[in-house]
Amino acid sequence: TGKAFQNFPIHAKPSRPATLPYYQDILKKTRYDSHYLGSYNYILDVTHNGNAEWTFTTGFFADNYNILTPPLQRHLVESVNKYVRREFMSRFLTQNEEGNWIEMTQEETFRQIHHDLSMESTGLLNFMVQQLDFMLSETNTGVFRAMALHREHIPALLAILQDKIIGALADPKLLEDACHLEPSSINPRQFLLPFSRSPRSNATSAIFRRIIPSVLPEPVRDDQEPYPGAFLKEGDKVDGRYQGKYNEWYTGKIAALSADRGNVDVIYDDGDEDNGLCRVCVRRYQEPHVGEPIGVRKGDSFFEGRVVKCYPNNTFDVETEAIGVQRHVRTYNIRRYLLKWEKGASIEARFHGVGDVWYPGKITKINKDGTFDVEYNDGDTELEVEEEHIRLAVA
């Protein structure tokens, strides 16, 4: 037993990449979940938008949750997870040893939903499970948090106790035989009905008799974001805005994300670094497209040009006026720009969206539907031009 009290290496397990919370994300198992902080353990449920929405959601879906059979609980948990992803595009995040945010695995997310629905369903369970949460928080933030006993054995024991109290989540492999229903065919709202039968009675058939056939919309894909770059993680390939103040974007990878400062450290492909970039100064990398205006490095200088060909190995041919066509240019030798469409901007457009000829002109109006009115240099005009048919003119 002596080994249980030895110091446990903090980085013994591989750490998941950190991310920055989106305002609709649901933050769980944080450092606020401590008995010593008193009422502060509820602060996120009030002040953070995602947690406030989740509190309302669990109250809406938790009626009679504890009398459902384990397979039906599993179905409801999976359906609630899809509902949250579809309606709010929320992720379930928790804090790692360094205090940064990491995304829960799918099974951890299901256990958390099961945990919260069970606590909301019955007041007595709420109190008992809350005490287990306090003790689990002590293993992460308490005086003895570096010991193997607190980092491995006690959390495992507390997880077993929780399963004894609220019931373990059913194995997904058993669901098909138990319910004969696909999770995607079940609407979580269909279970919010009063039950008068005992859990041991034929409650399952009562539920199915009350089901109204309906089809849920397709759930949001796991990789779909509310806006580009909302779910960036450490290690993701990005374009960073150099020093956070120039309209120059260079390709690199996220080296670190800081939860307390909310900023991003980026290592660029050319070896330079930017530390402490704001969130809006980093965007998810997308390959340059033909016609995009970029700068290409030659020696110690950059020359303005335009992409004329893209290759599968992520290299590009760039045409410039100063140094001609540069072949197979790699990402560390280019810089990109944030394209801002403004009234009066000099552009080139394909007339009526056909052909390969781009005619110079300027934007005269930006329409609400995202199209543009264009006046060409030869005097012609064109209304409601799609964005894909215009490009910035290279100075």
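Keep in mind that this is a model prediction, so the values were computed, not measured.

Caption draft 1: Main features of the confidence of the model for the chain. Considering every residue of the chain, the mean pLDDT works out to 77; 76% of them sit at 70 or more. Low pLDDT (under 50) marks residues 178–217, which in the prediction has 61 contacts with non-local residues, meaning those over four places away or in another chain.

Caption draft 2: Just the packing of aromatic side chains, in detail. Per the stated rule, a full pass over the model turns up 12 aromatic pairs. On the basis of an interplanar angle of 80 degrees and a centroid distance of 5.2 Å, the ring pair of F60 and F61 is categorised as edge-to-face. Note on F61: relative accessible area 2%, which makes it buried. Seen in terms of ring centroids, Y83 and F88 are 6.2 Å apart; in terms of plane orientation they differ by 85 degrees. Their pairing is edge-to-face. With relative accessibility at 11%, the residue Y83 sits in the buried group. Through pairs of rings, three or more aromatic residues link up here, namely F56, F60, F61, Y83 and F88. The ring centre of W249 lies 4.3 Å from the NZ or CZ of R283, which sits over that ring.

Caption draft 3: Summary view of the sheet that holds strand β2 (residues 92–95). Pairing is mixed across the open sheet formed by 3 strands, whose spatial order is β1-β2-β3. Each having just a single partner strand, β1 (26–27) and β3 (101–103) make up the two edges of the open sheet. When β2 meets β3, the two strands line up antiparallel, connected through 3 bridges. Within β3, the residue paired with T94 across the bridge is I102.

Parameters at a glance
- Residues numbered from 1 in each chain as written.
- Predicted model: local features only at pLDDT ≥ 70, side-chain atom pairs only at ≥ 80, totals over all residues.
- Heavy atoms only, no water.
- pLDDT = per-residue confidence, 0-100.
- Contact = heavy atoms within 4.5 Å.
- Phe/Tyr/Trp six-rings, centres within 6.5 Å; stacked < 30°, edge-to-face > 60°.
- Buried < 20%, exposed > 50% of the residue type's maximum accessible area, 1.4 Å probe, protein only.
- Lys NZ or Arg CZ within 6 Å of the ring centre and 35° of its normal.
- Pairing = 2+ DSSP bridges.
- Helix = DSSP H or I, 4+ residues; strand = E, 2+ residues; numbered from the N terminus.

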